[in-house]
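A closer look at the structure
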Amino acid sequence: MDESIFTDLHNKAEEFGSIERLVSEASRLRKKYSEESITLIKQSLEIGDILNHEFEIISRANHTMRDQDTAIQNCCHILESNTARQKELLGALRDNPHVNQTVLRQMEEMVRSLSDSVHKAIILLHMLIENDNEIILMDNLIINRKKFQRDSIDRLKKLAFRTMEDADSAIRGSSSNLKRGLQLVERISDVKRHLTEKNSDEIKRLIDEAHTGWNIAAAVNRSSATQMLFAEQVGQFTARLHEDSEAIRDLVVEKHKLFSRNLELSTELTVILSLEIKEYLPAGELVNGLCREANLPADVRRLASNLVSYATIACRDILHVSNLNFDMTDSIKLNADIEKKSVDLTRTEMEYFEWIRQQVQSMTEATRYPIEGSERNIENGKLLENYLRKIQEAAG
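Read on for a plain summary of the structure. Note that the structure is a prediction, hence the values are computed from the model and not measured. (Residues numbered from 1 in each chain as written. Predicted model: local features only at pLDDT ≥ 70, side-chain atom pairs only at ≥ 80, totals over all residues. Heavy atoms only, no water.)

Bringing the overall build of the protein into the picture now. Secondary structure assignment for the protein yields six helices and zero strands. Reading the protein from its N terminus to its C terminus gives the helix and strand order α-α-α-α-α-α. Computed over its C-alpha atoms, the radius of gyration of the protein comes to 42 Å, more than 25% above the 21 Å expected for a compact globule of 396 residues. Reported as C-alpha extents along the three principal axes, the dimensions of the protein are approximately 145 × 25 × 20 Å. (Helix = DSSP H or I, 4+ residues; strand = E, 2+ residues; numbered from the N terminus. Rg over C-alpha atoms; globule rule 2.2 N^0.38 Å.)

Quick look at the structure:
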């Protein structure tokens, strides 16, 4: 018999074993990447649950913030109406001989200053509340998107577990064939002796081993091809999840910019409500010196009494709105801490999604070689079987 058949037989048996070793290693890599993906997915779920809780807290806090801003705005509108009435009364009392004109001019200046400050505060509050409404809408959008994201991550975890199970199946098949390939290399070295001794039974057992080997390779190939399609689907799903998570991150960052803008507006507002409008408070005493005569004409008494009442109400409202602003300042500081935490956690969560995406890509790549290797071993196994059948025929 041609000596080259024995050489080819030996070489193909060695190649069969070498390929099965690489197929087994690739399958183990795929399992490793699947396990790492599952670990990262679990960690991202933990971070996501913390984030969801934080977003719920932030949402409630932002509703409260808008309510506080609205309450302050209402107080400022009342103060605006009050200063308008005071201006009318001061105008009516101007140049009246029964009125202290020096005090009146001081009152006019204080009312004008208060009116200007309140007008600035109302403009700032209008911008604040517009931003508050936008922030609340974005809170709701983020919370809704996070719920969908949570469902997607749960699904991805199930897919990763299935991928790991498929990898285990491929490892078992390739390990079986690796052992078979190594044994064939040893046993084929005795084929020439079996031929000489006409030991057809041993040759037949080798034929059965080769036949089983390429059939297992075919099964691994079919399984790996199916797993490749599945791995690509997991990859596509992971890519979509990554894109959705990037969109959520962008929403969080955009909302944080709005929140930061509100912090700037609130700082300006605090200067007005804690300092500027309080410059009016001495008017509560000053207004009492406007008319010193005991027997004032009825019309002057009515105008002066109304002015005193408006000034008293204004002083009370100024103190009230200043206290409201003080409470709001504390809330803003607390909200700012929670906002920063949510931004930091969202960035950390995105890092995990990026790592998951990389692991899934590696897992998909590790699925390619079992397909290629098993295809080659189907051919190798069939060649081994054919060579052995020829030798069997020669052995009689």
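Looking at where glutamate 276 falls in the secondary structure, it is placed in helix 4 (residues 200-276). The exposure class assigned to glutamate 276 is partly exposed, which follows from its relative accessible area of 23%. For the pair glutamate 276 and aspartate 116, spaced 160 residues apart in the sequence, the C-alpha separation amounts to 9.7 Å. Those residues in contact with glutamate 276, other than ones at most four positions away along the chain, are Ser117, Lys120 and Val271. (Buried < 20%, exposed > 50% of the residue type's maximum accessible area, 1.4 Å probe, protein only. Contact = heavy atoms within 4.5 Å.)

Under the counting rule described, the total for this entry stands at 22 salt bridges. Among the ionic pairs, glutamate 54 bridges to lysine 341, the shortest N-O distance being 3.1 Å. Pair noted here: glutamate 54 is in helix 1 (residues 3-93) and lysine 341 is in helix 6 (residues 298-395), with a separation of 287 residues, a long-range link. Exposure remark for glutamate 54: the relative accessible area of 8% places this residue in the buried category. The exposure class of lysine 341 is partly exposed, given its relative accessible area of 41%. For aspartate 317, the salt bridge goes to arginine 316, with nearest N and O atoms at 3.4 Å. A relative accessible area of 12% places aspartate 317 in the buried class. Residues participating in the shared-partner salt-bridge network are Lys12, Glu15 and Arg376. (Salt bridge = Lys/Arg side-chain N within 4 Å of Asp/Glu carboxyl O.)

Put simply, helix 1 and helix 4 touch, their axes get as near as 9 Å, and they point 20 degrees apart. Regarding the angle of helix 1 to helix 4, the classification is roughly parallel. The crossing of helix 1 and helix 4 is left-handed. Of helix 4, the residues touching helix 1 (which contributes Phe16, Glu20, Val23, Arg30, Phe55, Ile58, Asn62, Ile72 and Cys76) are Gly213, Trp214, Ala217, Val220, Gln227, Val252, Lys255, Phe259 and Leu273. Residues of the contact of helix 1 with helix 4, tallied by class, amount to twelve nonpolar, three polar and three charged. (Axes fitted to C-alpha atoms, helices over the stretch in contact; angles between N-to-C directions. Parallel < 35°, antiparallel > 145°, perpendicular 65-115°, else oblique. Left-handed = near helix turned anticlockwise from the far one by under 90°. Nonpolar A, V, L, I, M, F, W, Y, C, P; charged D, E, K, R; others polar.)

With that settled, the discussion passes to the packing of helix 2 (residues 101-188) against helix 6. One can describe the packing of helix 2 onto helix 6 by two numbers: an axis separation of 6 Å at closest approach and a directional angle of 20 degrees. Taken together, helix 2 and helix 6 sit at an angle that is classed as roughly parallel. Crossing of helix 2 against helix 6: the hand is left-handed. Residues Leu114, Lys146, Gln149, Ile153, Leu156, Thr163, Leu184 and Ile188 of helix 2 lie in contact with helix 6, whose contacting residues are Ile318, Glu349, Phe353, Ile356, Met363 and Leu384.

Our next topic: empty space enclosed by the protein. Scanning all chains against the criterion turns up one cavity of 30 Å³ or more. In this structure, the largest cavity is lined by Asn62, Met65, Asp69, Leu128, Asp132, Ile135, Phe259, Asn262, Leu263, Ser266, Met328 and Ile332. Sorting the residues of the lining of the largest cavity by element identifies helix 1, helix 2, helix 4 and helix 6 as the ones contributing at least two each. Per-element accounting of the lining of the largest cavity gives the leading share, four residues, to helix 4. For the lining of the largest cavity, a count of residues per class yields seven nonpolar, three polar and two charged. (1 Å grid on protein atoms, 1.4 Å probe; cavity = no way out; pocket = protein on both sides within 12 Å on 5 of 7 lines; lining within 4 Å. Points joined across faces, edges and corners; volume = space filled by probe spheres on them.)

Another aspect to go through is the nonpolar core. Cys76, Leu273 and Tyr280 are the most contacted members of the largest nonpolar core, which has 43 residues in total. Of all elements in the fold, only helix 1, helix 2, helix 4 and helix 6 reach the threshold of two or more residues within this core. Each residue touching leucine 273, except ones within four places of it in the same chain, is listed here: Ile72, Cys76, Ala121, Val321, Ser322 and Asn325. Ile135, Val234, Phe353 and Ala366 belong to the second largest nonpolar core, which has 37 residues in total. (Core = buried A, V, L, I, M, F, W, Y, C linked by side-chain atoms within 4.5 Å.)

Mapped onto the secondary structure, glutamate 385 falls in helix 6. Engagement of the side chain of glutamate 385 in a polar contact is seen with the side chain of arginine 389, the distance being 2.8 Å. In contact with glutamate 385, not counting residues within four places along its chain, are Ile207, Ala210, His211 and Trp214. (Polar contact = N/O pair within 3.5 Å; in protein donor to acceptor, adjacent residues only side chain to side chain.)

What follows deals with unusual backbone geometry. Despite not being glycine, aspartate 95 shows a phi value in the positive range, around 70 degrees. Here aspartate 95 lies in the loop between helix 1 and helix 2. The exposed category is assigned to aspartate 95, whose relative accessible area is 64%.

This paragraph deals with the packing of aromatic side chains. As enumerated under the stated definition, the model contains one aromatic pair in all. Ring geometry for tyrosine 352 versus tryptophan 355: centroids 5.0 Å apart, planes at 70 degrees, classification edge-to-face. With tyrosine 352 and tryptophan 355 both in helix 6 and three residues apart, the pair spans about one turn of that helix. Judged by relative accessible area, tyrosine 352 falls into the buried class, the value being 16%. With relative accessibility at 37%, the residue tryptophan 355 sits in the partly exposed group. (Phe/Tyr/Trp six-rings, centres within 6.5 Å; stacked < 30°, edge-to-face > 60°.)

Remember that the coordinates give geometry; whether it matters functionally is a separate question.
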